[in-house]
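# Structural features, examined
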Amino acid sequence: MRTFHVKHDDSEQPGLPDRPPPVASEIFGNRLPIAEQFAQILADTGVSHGLIGPRETPRLWDRHLLNCGVVEAVLPHRTRLVDVGSGAGLPGLVLAIARPDLDVVLVEPMLRRTTWLQSTVDELGLGNVQVLRGRAQDFWGKLRAPVVTARAVARLGELSAWCLPLLEAEGRLLALKGATAERELAEDEPELRRAGATSGRLIVLGEDSLPEPTRLVEVTVGSVPVKPTESAVRRSSSGPGRTRGTKKGAQSSPRRGSTERQASGG
Ligand SMILES: C[S@@+](CC[C@H](N)C(=O)[O-])C[C@H]1O[C@@H](n2cnc3c(N)ncnc32)[C@H](O)[C@@H]1O
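Just so it is clear, the model here is predicted, and its values are computed rather than measured.

What follows deals with the overall build of the protein. When helices and strands are tallied, the protein shows 9 helices and 9 strands. Every one of the 266 residues in the protein was classed for burial, and the buried ones make up 43%.

UniProt tags Gly85, Leu90, Ala136, Gln137 and Arg151 as "binding site: S-adenosyl-L-methionine" (unreviewed entry). With respect to the secondary-structure elements, Ala136 resides in the loop between strand E3 (129–133) and strand E4 (145–151). In this structure Ala136 comes out as buried when scored by C-beta crowding, with 27 C-beta atoms within 10 Å. Structurally, Arg151 can be placed in strand E4. C-beta crowding within 10 Å serves as the criterion here: with 24 such atoms nearby, Arg151 is assigned to the buried category. When neighbours within four sequence positions are excluded, Arg151 is seen to be in contact with Cys68, Leu90, Pro91 and Leu176.

So, on to the site of the ligand. Around the ligand, the surrounding shell holds 18 residues, and the nearest of these are Gly85, Gly87, Leu90, Arg135 and Arg151. Here the residues of the shell around the ligand are counted per class, giving 10 nonpolar, 4 polar and 4 charged.

As a further point, take unusual backbone geometry. In this chain, Leu90 is followed by Pro91 through a cis amide linkage whose omega measures 5°. Turning to its location among the elements, Pro91 is positioned in the loop between strand E1 (80–84) and helix H4 (92–98). Look at Glu170: it is not a glycine, yet its phi comes out positive at around 65°. You can see Glu170 is positioned in strand E5 (residues 167–177). Exposure remark for Glu170: the 13 C-beta atoms within 10 Å place this residue in the partly exposed category.

With that settled, consider the pairing of E3. Most of E3 is tucked away, with 4 of its 5 residues classed as buried. Examined bridge by bridge, strand E2 (residues 103–108) and E3 share 5 bridges and lie parallel to one another. Counterpart to Val104 in the pairing with E3 is Val129. In this fold, E2 hands off to helix H5 (residues 111–124), which returns the chain to E3; that crossover is right-handed.

Looking now at the nonpolar core. Of all hydrophobic cores here, the largest spans 71 residues; its most connected members are Val84, Leu95, Leu106, Val148, Cys163 and Ala175. Those residues within four positions of Val84 in sequence are excluded, and the remaining contacts are Val107, Ala136, Val148, Ala150, Val153, Trp162 and Cys163.

This paragraph deals with the pairing of E2. In terms of burial, E2 is a largely internal element, 5 of the 6 residues being buried. One ladder, built from 5 bridges, connects E1 with E2; its direction is parallel. When the sheet's bridge partners are listed, Val84 is paired in E2 with Val107. Read as a crossover between parallel neighbours, the route from E1 over H4 to E2 is right-handed.

This part takes up the packing of helix H2 (residues 32–48) against helix H3 (residues 60–69). Packed helix pairs are specified by the crossing angle of their axes together with the interaxial distance, meaning the distance between the axes. H3 packs onto H2 with a crossing angle of 120° between their chain directions and a minimal axis gap of 12 Å. Comparing their axes, H3 and H2 come out oblique. The crossing of H2 and H3 is right-handed. For the pair H2 and H3, the contacting residues are Ala35, Ala39, Leu42 and Ala43 in the first and Leu60, Trp61 and Leu65 in the second. Counted by class, the contact of H2 with H3 contains 7 nonpolar, no polar and no charged residues.

Bringing the environment of Val94 into the picture now. Among the structural elements, Val94 can be located in helix H4. You can call Val94 buried: it has 28 C-beta atoms within 10 Å. A C-alpha to C-alpha distance of 26 Å links Val94 and Ser199, two positions 105 residues apart in sequence. Excluding anything up to four places from it in sequence, Val94 contacts Leu65, Cys68, Gly69 and Gly89.

Packing of H2 against H5 leaves a shortest axis separation of 11 Å and a crossing angle of 145°. H5 is crossed by H2, and the crossing has right-handed handedness. Across the interface between the two elements, Ile34, Gln37, Phe38, Ile41 and Thr45 from H2 touch Trp116, Thr120, Glu123 and Leu124 from H5. A class-by-class count of the residues in the contact of H2 with H5 yields 5 nonpolar, 3 polar and 1 charged.

So, how was this worked out
- Within any chain, residue numbers begin from 1 and follow the written order of that chain's sequence.
- In view of the model being predicted, local features appear only for residues whose pLDDT reaches at least 70, and side-chain atom pairs are presented and counted only at 80 or more, with totals across whole chains, interfaces and linings using the full set of residues.
- Here a helix means four or more residues in a row that DSSP labels H or I, a strand means two or more in a row labelled E, and each is numbered from the N terminus.
- Counting other C-beta atoms within 10 Å of a residue's own tells you its class, since 20 or more makes it buried, 12 or fewer makes it exposed, and anything in between is partly exposed; those C-beta atoms are placed from the backbone.
- UniProt positions are given in the numbering used here, feature names are shortened, and annotations may be inferred rather than shown by experiment.
- Residue pairs are scored as contacts if the distance between their C-beta atoms, which are placed from the backbone, is within 7 Å.
- By definition, a residue lies near a molecule or strand provided its backbone-derived C-beta atom is within 6 Å of it.
- Classification convention: Asp, Glu, Lys, Arg as charged; Ala, Val, Leu, Ile, Met, Phe, Trp, Tyr, Cys, Pro as nonpolar; all other residues, Gly among them, as polar.
- Strands are treated as partners if at least two bridges between them are detected by DSSP.
- If the strands point away from the viewer and the path from the first strand over the helix to the second runs clockwise, then the crossover is right-handed.
- As used here, a nonpolar core is made of buried Ala, Val, Leu, Ile, Met, Phe, Trp, Tyr and Cys residues. They are joined through C-beta atoms within 7 Å.
- Axis definition: a line fitted to C-alpha atoms, over the contacting stretch in the case of helices. Angles run 0 to 180 degrees between N-to-C directions.
- The labels follow the angle: roughly parallel below 35 degrees, roughly antiparallel above 145, roughly perpendicular from 65 to 115, and oblique for the rest.
- Each helix crossing is assigned a hand: it is left-handed if the near helix lies turned anticlockwise from the far helix by less than a right angle, otherwise right-handed if that turn is clockwise.

Have a look at this one:
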């Protein structure tokens, strides 16, 4: 009888993340071990709890940790950041790891996800992260920050209606988008204006360092914080209000202005 042996390459095994590429140390610096621990958690309970697809494990770094991590380059020192629809902590938790100077709030409506997020924050020992359960709309009038981030949560128009009322004056919504970023920005411009945006532009990050650069849409508000639009309030109150903390856990008229489109390297 003939016998043969199959040689296994550990990096191909399901449940094991890919290895961090060299650019990871530029983004995470001496926090790289924490980022690696987060990648392990994503590949383990992130997959078993259904927060991330099993097919994502071999590309956790390129598609997720680095795609989100490069955004730290456009964040000022010691700012407060609200990440809406955080899911598996993308991009909020990644940014909190890369930048311990940030004060990060993760907003996520699904209990299963907030429970996982809180246990991950505890396991990583991150003192700069708060996890809140609820939709963005549930925090209107309760939460404001200079920066709001969101990835893969909603189209730009709807996302702006939800998120601009969470911004302080002169604040910025940073929406991580894929290849459709520029088109969405053009198509949703009227909705952005109605939501109170004073400008919008495309920023491309990691062009020289990432296999797929991050396409970020930056939407800004003016010197007066915006109120939710009437239609957003109507639509939001027809859904269930679910504002909760986890175990730790006067506005004026919208401004109208020109929405600027601009591509820039980063
Ligand atoms: C496709 S997942 C993306 C998760 C994560 N941002 C990522 O990039 O992997 C969308 C997330 O948005 C959340 N979500 C949906 N509607 C929301 C709302 N109105 N406010 C806040 N989060 C919302 C969902 O519960 C879900 O976790």
